[in-house]
Structures are given as structure tokens and as C-alpha cells.
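What the coordinates show
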Amino acid sequence: MSAPLIEVRGAAFSFGEHAVFGGVDLDVYSGEVLTILGPNGCGKSTLLRCIGGALALARGTVHLENVDLSTLDARARARKIALLFQDHSPSFPYPVLDVVSMGRTPYLSAFGAPSAQDIAIAEEALEQVGMSHLKKRPYTDLSGGERQLVLLARTLAQQPAVILLDEPTAHLDFKNQVRSLRQIGALAERGVTMIMTTHDPNQAFLFPGRAALMRPGGSLTVGPPPKVITDESLSAAYGIGVSVLSVGRPDSGGELKFCTPWYNWPHKN
Amino acid sequence: MIKPRTVALMILLPLATLYASLFIGRFAVHPGEVARILLGQFLPIPHDWPRSVETIVLQIRLPRAILAMFVGAGLAVSGAAYQGMFRNPLVSTDILGVTAASGFGAAVALLLSQNLIALQIIAFAFGLAGVGLTYLLARVYRSTPVLMLVLSGVVVAAFFSALLSGAKYVADPESKLPAITYWLLGSLNAASVTSLKMALPPIIAGSIGLLCMRWMINVLSMGDEEARALGVRTEWLKGGIIVCTTLITAAAVSVCGIVGWVGLVIPHVGRMLVGPDHRALLPASLSIGATYLLFIDYIARTASASEIPLGILTAMIGAPFFAMLLRKTRGSWE
């Protein structure tokens, strides 16, 4: 196997006295989608932010293409790594295309503004997520699902080596979840490397890449999704009964793997 | 993008208002005469107007109108930059305590019977010091979160307001107290070539600085963490915006007292006309702010027998206007 694109070694992070995780080692290979799952509060979003440089590790290193990310300034890092935040709060009603153009900021000088070429890159990014028809609309008018795709386009406009997605389907309904996941899948097919946290273990089955199951404290099990996501591992990680099932799809006859908790209320056992 | 017609309007409007403010006033001068006086400074045309008219136009009205333009433009562009940086449409230029600190500085200068130049220097210095204090107070873990800035600004402003009240309390009620009170109400009647020389450089420098950062203000308005992830050095950017707006506001307050509401209302008018993009909004705010304060000063000079303080007019006109805007936009920022 070729050298990993990202190497996390001995990563530890704490908020003041409270240690979130420690001793995390993780490799991410070019062209894969690594899905990090785990219970709430296990630190998966924090780990993602540390990899992206939004938070600084207490100990350990993150290397990308053999460069220690802590040695890069914000601009150089933003050319390598793009982050899609989970909790984006919209501000002014900028047109969609302007929001996507903001992805070009790491390529601009401190007093610069996007050039015609930057705007062309932003238009292309918007095209890739299928949102071109909305480019003149104020992005505050969009639905949550549409806004998520616009922000995904912004990460594409950054032309990074890796995109980090923090719970990209949080707060989205079924249809918009599928819409976002399809776009992420389309990017994966084009070879874009992504690391994605998710609260929904099912999503790990969807992409070409490995799954990482994170437990509180930071211990990780990494491997092919069917190996990592099993009845036993999920039941242990979440502390509830979980079954991994497989059904035939009525349309194509293919196999669809998914997992479900047992929903066993105490009084119904 | 912005229509050429809007751009032309934004350039012509302040210039036309400037020209108008030279012939409108308690002493009416014919517009043509103003034009000939202005041209006469550069072209060899016969000086067939009274000397006193030339003095009124060039020595009294012109400095005052130029000061009104620059103060209005500066306060408006500062307000627009702050509203973007704080991601909040209710923010104005005095959010970090610059106005309160400058006001106290001016009161101290008046208490000490300093001349006008000394007053302006002291007020300017206090304004810078006040904001410096806010910034230091807001600094936690090598960063200055926006919420900490706002709260520190409230603290510093309250502190300097208390000092100002103290200064008023000890001031001689026959002479000093009215001087302080009138000064705080704001006026452009101290305008002179000297005060232009003092106030314009910081206002121009600060405005150019803000214009340079106008795209980055867009990115910053997405929130600190996102701006950082987009490669913006947010601490430097916020520091730069604070320095520029403070230079502008402190200079404005030090020459013409407290002129409220311009920094709050004008950016909203700008957003209605050119949209929220700071690349267009900042230049538009400059233009509208300049026009607005020229217009206000025209009322201040002519509406009654004695001059009406600026602060009263900007609030009396600004507040209902803002109320109207709020009703019209129903609280959205468009």
C-alpha cells in the first residue's frame, strides 16, 4: 500500500482539565473516504477539528504529505485541508456564488478579492454539487440541505488535498441526507479524499474507504466497514443492543447493509 | 454586480450635496457665484465678487462641509465594518468604548481650559486608549472572541461614562459644565483648516485600510472559526479593523463631539441599495454617510436662529428612519 496522505500520531487533546482523547494514531490514504463513528462526546468532532487545525493538539502530530501541519500558517493549511462545519450559523444574505468564492480566500493576498478566475473555479465547484441554478440566490434563503451543499462547494473551491466533513447530514431530513451523501459519493468516485464524522453508522457502508469506530478516550478500531461495524462492536461502543442487517434492494437486487438499535424499552422485554 | 447607474449616483451625490452646502445657508450665495469663486482659485477669471462672500464660502462653509463629509463617510464605513465583523446589525462605531473614552478626554481638556487643538489631541488619545483597554480586557488564550470584545466594550464604555459624569459633576456649572455639555452634543462649528489637518489624515488612513480589507470582512462575517479554516488570520484581521475604525471614530469625535446613529443607520441604507457584500457596501457607506452628514449639517445650520447640535439631529432623524427601515425589512438584513 502506498504511503498515507495523512498520518496522525499520538494525538491528544483536552479542554482545560478535561481530557477528550489521547494516544490517537490514524492513517488516511489518498482517495478514500474515512468515516469516523462513535457515541456522542467520544471526541470525533474534536479529532476532526484538530486534524483540520481549527483546534491545537495538546500532544502528538498530524502530518499531511509528510508536512507537519502545525508548522503551516492558516493560509497554507487552508490550501491543503478544507473543513465543512456542522454548526454553521448564517450571517448576511450573501449570494450563493459569493459564499462559494470564499473558498478561494487562501489563494488571495491579505487585501485581495477573488479574480474572474477564482469566480470561475467557484462556479465549477457549484456545478459539481448541482447547485448552479441557485448561484444568485441569497444563501440565507436556502433550505438546510441546499445550504450544506453550497458549503460543500465552498470546500471544493479551496481545491484542498483532503476535505473534512463534520456530521454533514446532521439536521437534514431523509431526502436531504441522501442528496448530501450522493454528492459526497460522487466526489469520492472522482478520487477526492475525505474524512467524515457521522452519528449514523450506516453511512460508513456507502463509501469506498474504511470506517473508524471511536470510543470515549480515543481508542480507535479502523478497517473495512463490514469488519469494524458488527453487532458486537456497535453494542459495546454505544452501550445498547445493535444488529447489523442486510436486505436485498427491491430495485436492483443488490445488497443493502444497515444497522439498527433494538429499541428495547425495559418494560417490553 | 452593482449597476453603473448606482455607482454614478454614489459618486455624484456627495459631490452635489457638497456643492449645495456651499451656497445654501443663512447667508444665501448664488450657485453661479460659488462656482466662479471655486474656479477663481485655479483659473485667471475676474474677481468680481465681494471679499466677504469669498470668506464665507472658502473659509467657513468649505472646511465645515469637507469635515462633515469625511466624518459622515468615516463613521458610516466604520459602522459597516463593525457590523460585518461582529455579525450583528445593531453594532455601531462606539461598541468598543471609543466614544465614551474620547468624550471623557474632551471633558478633561475643557476642565483644564485647554485650547481647541489640545482638546482634539487629548480626546483622540483617550479614544485610542479606551479601545486599547477594551482589546486587552477581551484577550483570552491569545485570541479575542467577538463576545469578549462586546462585553469588554460595555465595561470600558460604562467606566468612561462614569468618569465623564464625575468630570461634569466637578465642573463649574456657570462656564465649564455648559461647555462640556454642548461639546458632547456634537457640532461642526469648530471646523477650520487646522481641524481638517488634524482629523482628515486618520479618517482617510482608516477608511483606506477598511476598503483594503473589504473582501476579508465578508469571510470574517462567516464566523471566526470558519474564517480561520478558510485561511484568514482572524486575529490580525480583527486587530486591523479595530485599529482602522478607532482611528476614524476617535478623529471624528475629537473634532466634532459625539455624532450618534450615523454608524448604525447608514450601513443599513447601504445594504438596501447595494446588498450585503462588503466589497460594495463599504464604498457605498462612505458615499451615503458623507451625503447624510452634509445634509444633517445643512439642517443644523439653517433650521433655527441658533445652530442645532448635530447629535440631536442625527438621533432625531436617524431613530425614526431606522424604525422605518426595521418595519420595512421586518428585521432581515437585506
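What counts as what
- Residues numbered from 1 in each chain as written.
- Chains lettered and ligands numbered in written order.
- Predicted model: local features only at pLDDT ≥ 70, side-chain atom pairs only at ≥ 80, totals over all residues.
- Helix = DSSP H or I, 4+ residues; strand = E, 2+ residues; numbered from the N terminus.
- Rg over C-alpha atoms; globule rule 2.2 N^0.38 Å.
- Buried ≥ 20, exposed ≤ 12 C-beta atoms within 10 Å, placed from the backbone.
- Expected span 1.5 Å × (residues − 1).
- Contact = placed C-beta atoms within 7 Å.
- Nonpolar A, V, L, I, M, F, W, Y, C, P; charged D, E, K, R; others polar.
- Core = buried A, V, L, I, M, F, W, Y, C linked by C-beta atoms within 7 Å.
- Domains from an automatic or database assignment.
- Pairing = 2+ DSSP bridges.
- Axes fitted to C-alpha atoms, helices over the stretch in contact; angles between N-to-C directions.
- pLDDT = per-residue confidence, 0-100.
- Bend = angle between axes of the 7 residues up to and from the residue.

Within chain B, the secondary structure is distributed over 14 helices and zero strands. Secondary structure elements in chain B, listed N-terminal to C-terminal, are α-α-α-α-α-α-α-α-α-α-α-α-α-α. The C-alpha radius of gyration of chain B comes to 20 Å, within 12% of the 20 Å expected for a compact globule of 334 residues. Seen along its three principal axes, the alpha-carbon backbone of chain B occupies a region of about 65 × 55 × 40 Å. When each of the 334 residues of chain B is scored for burial, the buried share is 50%.

Residues and elements named next belong to chain B. Here helix 11 (residues 234-256) is 23 residues long and its end C-alpha atoms lie 32 Å apart, about the 33 Å a rise of 1.5 Å per residue gives. A large share of helix 11 lies buried, amounting to 18 of its 23 residues. Phi turns positive, to about 75°, at Gly-257, one or two residues after helix 11.

The subject of this paragraph is the interface of chain A and chain B. On the chain B side, the residues contacting the 21 residues of chain A number 22 residues. In terms of residue count, the dominant contributor to the side of chain A that touches chain B is helix 2 (residues 74-80) of chain A (three residues). When the residues that make up the side of chain A that touches chain B are grouped by side-chain class, the tally is 12 nonpolar, seven polar and two charged.

Here the focus is the nonpolar core. Val100(A), Ala153(A), Leu164(A), Met194(A), Ile195(A) and Ala252(B) are the most contacted members of the largest nonpolar core, which totals 175 residues. Both of domain 1 (6-92 + 141-229) and domain 2 (232-269) of chain A provide at least three residues apiece to this core. Filtering out sequence-adjacent residues up to four positions away, Leu164(A) remains in contact with Leu48(A), Ile51(A), Gly52(A), Ile81(A), Ala82(A), Leu83(A), Leu84(A) and Ile195(A).

Across a sheet, paired strands are connected by hydrogen bonds in the backbone, their directions being either parallel or antiparallel. All names here are of chain A. Strands sit in the order 6-7-8-3-9-10 across an open sheet of six strands; the sheet is mixed. The open sheet has two edge strands with one neighbour each: strand 6 (81-84) and strand 10 (220-223). With strand direction ignored, the average angle separating the axes of adjacent strands in the sheet is 15°. As judged from the five bridges shared by strand 3 (residues 33-37) and strand 8 (residues 193-198), these two strands associate in the parallel manner. The residue of strand 8 that forms the bridge with Ile-36 is Thr-197.

What follows deals with the sheet that holds strand 1 (residues 6-15) of chain A. Residue and element names in this part refer to chain A. Spatially, 2-1-4-5 is the arrangement adopted by the four strands of the open sheet, whose pairing is antiparallel. The strands lining the two open edges of the sheet, one partner per strand, are strand 2 (18-28) and strand 5 (67-68). Bridge analysis of strand 1 against strand 2 gives seven bridges, and the strand direction is antiparallel. Note that in strand 2 the partner of Ser-14 across the bridge is Ala-19. Lying over the sheet, helix 1 (residues 44-52) contacts strand 1, strand 2 and strand 4 (59-64), oriented at roughly 120° with respect to strand 1.

Here we take up the confidence of the model for chain B. All names here are of chain B. Put simply, chain B has an average pLDDT of 92, and 99% of its residues get 70 or more. Averaged pLDDT values for the elements of chain B fall to 87 in helix 14 (residues 310-329) and rise to 96 in helix 9 (residues 214-220). Predicted complex, confidence summary: ipTM 0.90, pTM 0.92.

In this section: the domain arrangement of chain A. By convention, interface size is frequently given as the accessible area that disappears when the constituent parts associate. Residues and elements named next belong to chain A. We note that the domain assignment places domain 1 (6-92 + 141-229) and domain 2 (232-269) within chain A. A C-alpha centroid distance of 24 Å is found between domain 1 and domain 2. Across the contact, 10 residues belong to domain 1 and eight residues belong to domain 2. Taken together, the residues of the side of domain 1 that touches domain 2 break down into six nonpolar, three polar and one charged.

Backbone geometry follows two general trends: most residues other than glycine have a negative phi, and most peptide bonds adopt the trans configuration. If you check the backbone angles, Glu167(A) has positive phi at about 45° while not being a glycine. Checked against the element boundaries, Glu167(A) lands in the loop between strand 7 (162-166) and helix 6 (174-189). A residue is classified by how many C-beta atoms lie within 10 Å of it, and Glu167(A), with 19 of them, is partly exposed. The phi torsion at Trp261(B) lies on the positive side, around 75°, for a residue other than glycine. On the neighbour-count criterion, Trp261(B) (22 C-beta atoms within 10 Å) is buried.

All names here are of chain B. The terminal C-alpha atoms of helix 1 (residues 4-23), which comprises 20 residues, lie 29 Å apart, in line with the 28 Å expected from a rise of 1.5 Å per residue. Maximum bend of helix 1: about 25°, positioned at Leu-12, with proline Pro-14 one to four residues after it. Along its buried surface, helix 1 packs onto helix 2 (31-40), helix 3 (51-85) and helix 13 (278-302).

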